[in-house]
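Chain by chain, the residues:
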Amino acid sequence: MPNITTYDFIDSNRRKTILLMALFPVSLVAIVYLVLLLFSFWSAPSGNSYNHVSPLMAANQTAMVILPIVSVIAILWILITYFYGQNFILSAAGAVELNRDNAKDIIRMVENLTITAGLPMPKVYAINDEALNAFATGRDPDHSYIVLTKGIINKLEKPELEGVIAHELSHIGNRDIRLMLIMIVCISAATIAAEFLLRFAFLSGRKSSGNKKGGNGQLILFALAIALYIYGYLVAPLIQLAVSRTREFQADASAALLTRNPQGLADALRKISGNSVVETLKDRQTMSAMCISNPLAPEKRNSFFAKISGLYATHPPIEERIKALMTMDGYRE
């Protein structure tokens with residue numbers, strides 16, 4: 001079996017990003033059409049009547065109006081995500097930019113590691129939280145961001161923190177960040193839009209009770225909301241399979257090679273695993289995949305949707321990652 005290089009991971013992630021960018025609008029349109037079709041059959045009048053079109057024709061007529069709109073919105077959202085998605089993520093995390101005035105040692109550490117890795121200097125942000133966690137985001141190495149919690153900055157020893165930063169730099173160098181950026185923002189958009197449409201459907205239903213046209217409009221809103229929920233919680237996790245679990249092992253291995261110290265990252269992972277719940281991220285299921293360790297609150301980790309998406313988990317257990325680090329270069333615990 002040939003050895004897989006960093007360049008292989010970069011090429012693979014480029015292909016997966018293109019696939020993901022295509023699958024988002026295509027799968028969304030397909031789900032919307034199928035749900036419209038089901039609603040048309042469900043709401044069709046009983047018995048044969050020449051005064052009504054067939055459910056299939058009714059669904060097609062509605063789809064001809066709705067699907068072009070959905071397609072345009074999905075494509076526009078992909079483009080917005082590609083160029084500005086990191087702003088949504090940084091804002092949602094409550095991250096604040098660090099500089100030489102307020103974090104000279106951290107900036108110097110990141111600079112040294114980026115020079116060693118041959119990467120452009122990313123912008124560095126911090127979350128005001130005593131938990132231990134970190135992530136990287138952005139669309140490419142020239143537009144990249146590393147985010148560290150205050151806890152991980154203050155509580156890790158220097159070799160451990162270098163290992164964490166090197167891990168996130170590896171995600172930047174391997175182009176994992178672009179893939180995760182598109183996945184996270186697009187899935188979040190689908191679930192948020194579903195909630196909005198469902199509330200709007202209930203509101204419009206109250207105002208238009210007894211009005212046939214209003215009732216039809218409400219059914220269409222319900223159909224769109226259900227389609228987006230199906231996409232956000234069931235179909236999108238399947239697309240997440242494009243994100244390989246091996247990317248974490250690859251980032252760990254690259255970080256160990258970059259710092260020449262597998263023990264540092266292994267020790268950091270041990271500390272992080274016991275204290276990784278971040279207040280601003282603890283309810284954000286879609287953003288958890290990009291963090292070095294799961295930032296979700298315990299109840300969210302054990303929720304129904306978490307168990308479903310757990311089938312498609314992109315992070316291997318930390319114990320496996322530590323074991324892999326400790327066996328590098330023939331070392332055994």
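Data block above holds the structure.
Keep in mind it's a predicted model, so treat the numbers as computed, not measured. (Residues numbered from 1 in each chain as written. Predicted model: local features only at pLDDT ≥ 70, side-chain atom pairs only at ≥ 80, totals over all residues. Heavy atoms only, no water.)

Caption draft 1: Geometry of the packing of helix α5 (residues 158-173) against helix α8 (residues 246-259). Interhelical geometry of α5 versus α8 gives an angle of 125 degrees and a closest axis separation of 8 Å. Relative to α8, α5 is oriented oblique. Classified by chirality, the crossing of α8 by α5 is right-handed. Between α5 and α8, the residues in contact are E162, G163, A166, H167, L169, S170 and H171 and R247, E248, A251, D252, S254, A255, L258 and T259, respectively. (Axes fitted to C-alpha atoms, helices over the stretch in contact; angles between N-to-C directions. Helix = DSSP H or I, 4+ residues; strand = E, 2+ residues; numbered from the N terminus. Parallel < 35°, antiparallel > 145°, perpendicular 65-115°, else oblique. Left-handed = near helix turned anticlockwise from the far one by under 90°. Contact = heavy atoms within 4.5 Å.)

Caption draft 2: The arrangement of the pairing of strand β3 (residues 134-140) in detail. With seven of its seven residues buried, β3 lies for the most part within the structure. Examined bridge by bridge, β3 and strand β4 (residues 143-149) share six bridges and lie antiparallel to one another. Across the sheet, the residue bridging to F135 is V147, located in β4. Between β3 and β4, which pair antiparallel and follow one another directly, the connecting turn spans two residues. (Buried < 20%, exposed > 50% of the residue type's maximum accessible area, 1.4 Å probe, protein only. Pairing = 2+ DSSP bridges.)

Caption draft 3: Examining the packing of α8 against helix α12 (residues 318-326) more closely. At a closest axis distance of 10 Å, the pairing of α8 and α12 adopts a crossing angle of 35 degrees. As for the relative orientation of α8 and α12, their crossing is right-handed in sense. In this structure, α8 uses E248, F249, D252 and A256 to contact α12, whose residues at the interface are E320, R321, A324 and L325. Here the residues of the contact of α8 with α12 are counted per class, giving four nonpolar, no polar and four charged. (Nonpolar A, V, L, I, M, F, W, Y, C, P; charged D, E, K, R; others polar.)

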